[in-house]
Amino acid sequence: MKIISVTLKDCAYNPSQFCYDKPQFVFAGRSNVGKSSLLRTLANRKKLVRVGKTPGVTQSINFFLVNDEFYFVDLPGYGFAKTPKSVKNKWKRLIELYFKEAVGIKKIILLLDVRHEPSEKDIIFFKWATAYHLPILIVLTKADKISKNEAMNRKFSIMKQFQLDNNDCLLFSATKKNGRDEILHEISKSLDKN
Ligand SMILES: Nc1nc2c(ncn2[C@@H]2O[C@H](COP(=O)(O)OP(=O)(O)O)[C@@H](O)[C@H]2O)c(=O)[nH]1
Ligand SMILES: [Mg+2]
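Residues numbered from 1 in each chain as written. Chains lettered and ligands numbered in written order. Predicted model: local features only at pLDDT ≥ 70, side-chain atom pairs only at ≥ 80, totals over all residues. Heavy atoms only, no water.

(A) Spatial organisation of a positive patch on the surface. A contiguous patch of positive charge on the surface is contributed by Arg 30, Lys 85, Lys 88 and Lys 121. Note on placement: Lys 121 falls in helix H3 (residues 120-131). (Patch = residues over 30% accessible without salt bridge, like charges linked within 9 Å, V, L, I, M, F, W, Y side chains within 5 Å. Areas by Shrake-Rupley, 256 points an atom, 1.4 Å probe, with all protein chains shown as cover. Salt bridge = Lys/Arg side-chain N within 4 Å of Asp/Glu carboxyl O. Lys, Arg positive; Asp, Glu negative; His and termini not counted. Charge placed at Lys NZ, Arg CZ, Asp CG, Glu CD. Helix = DSSP H or I, 4+ residues; strand = E, 2+ residues; numbered from the N terminus.)

Pasting the structure below:
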């Protein structure tokens, strides 16, 4: 798949702003996991529109229209220690409302740092998405930070933990651009279904 255009369509602070008119690929993960880097790499852009410069402060669900065909949906990163509880609750409600409707969500792409065990919040998020019957692709980020062997071992261990197929758990490096094609391939496969 070729990504030709990426434009920020909406920053949704309430459900009336959710973009359901085209298929959606939803990117989630804890703050600092490498979500912005992944989105930039997929889009082949040095920068996407910056929404909220301070980690933990972006409270909106951001819809990027890709090729006029589907959306990359950027969920607020979770697990940033300094985020006040009231803000956390607001995010949770907003995401819950989004998942509940789930019109056209093709895949949840959950990012985990390849070097670390999934946190409790990662696991809760995974279970949450599963409860809404949303298909999940796990992307293990920053794969360049460990050896190829270690990375493969981490991948198998995560596949086992979350009971995923080989194609539903991919290694990625933004610095090396490894894994980009595989992720885009999974996205394009999901678009071809139905
Ligand atoms: N070595 C390496 N560093 C990365 C990679 N992806 C992200 N980073 C770094 O990790 C930090 C957080 O990345 P960012 O994309 O802003 O994370 P976000 O908070 O999830 O959006 C930044 O310093 C990035 O340069 C990667 O694949 N390899
Ligand atoms: Mg970011």
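(B) Examining the pairing of strand E3 (residues 61-66) more closely. With six of six residues buried, E3 is to be regarded as a mostly interior element. Side chains Ile 61, Phe 63 and Leu 65 project from E3 onto one buried face, and the interleaved Asn 62, Phe 64 and Val 66 project onto a second face that is buried too. Relative to E3, strand E1 (residues 6-12) runs antiparallel, the two sharing six bridges. Following the sheet pairing, Ala 12 is matched in E3 by Ile 61. Sheet topology note: the E3/strand E4 (residues 70-74) ladder contains five bridges and is antiparallel. Residue pairing in the sheet places Asn 62 in a bridge with Asp 74 of E4. The hairpin formed by E3 and E4 contains three residues between the paired strands, and Asn 67 there has a positive phi angle of roughly 50 degrees. (Buried < 20%, exposed > 50% of the residue type's maximum accessible area, 1.4 Å probe, protein only. Pairing = 2+ DSSP bridges.)

(C) Structural view of the site of ligand 1. The environment of ligand 1 is made up of 14 residues, and the closest members are Asn 32, Lys 35, Ser 37, Asp 144 and Ala 174. Contact distances for ligand 1 include 2.7 Å between an oxygen atom and a backbone N or O atom of Asn 32. Contact distances for ligand 1 include 2.6 Å between an oxygen atom and a side-chain N or O atom of Ser 37. The class makeup of the residues in the shell around ligand 1 is two nonpolar, seven polar and five charged. (Near = heavy atom within 4 Å. Polar contact = N/O pair within 3.5 Å; in protein donor to acceptor, adjacent residues only side chain to side chain. Nonpolar A, V, L, I, M, F, W, Y, C, P; charged D, E, K, R; others polar.)

(D) Quick look at the nonpolar core. In terms of nonpolar packing, the biggest core is built from 36 residues, with Ile 61, Leu 75, Tyr 98, Phe 99 and Ile 138 touching the most fellow members. Within the residue set of this core, elements represented by two or more residues are strand E2 (24-28), E3, E4, helix H2 (85-101), strand E5 (105-113), H3, strand E6 (136-141) and helix H4 (148-162). Membership of the second largest hydrophobic core comes to 24 residues, among which are Val 6, Leu 42, Ala 43 and Leu 170. (Core = buried A, V, L, I, M, F, W, Y, C linked by side-chain atoms within 4.5 Å.)

(E) Looking closely at H3. When the terminal C-alpha atoms of H3 are compared, their 16 Å separation across twelve residues agrees well with the 16 Å that a helix rising 1.5 Å per residue should span. Within the span of H3, buried status applies to Asp 122, Phe 125, Phe 126, Trp 128 and Ala 129. Buried residues of H3 fall within an arc of 160 degrees about the axis and therefore sit on the same side. Among the exposed residues of H3, those oriented more than 90 degrees off its buried face are Glu 120, Lys 127 and Ala 131. Where the residues of H3 are buried, they touch E2, H2, E5, E6 and H4. Trailing H3 by a residue or two, His 133 shows a phi angle of about 60 degrees, which is positive. (Expected span 1.5 Å × (residues − 1). Arc of directions from axis to C-beta. Contact = heavy atoms within 4.5 Å.)

Fair warning: the whole summary comes from geometry, so function is off the table for now.
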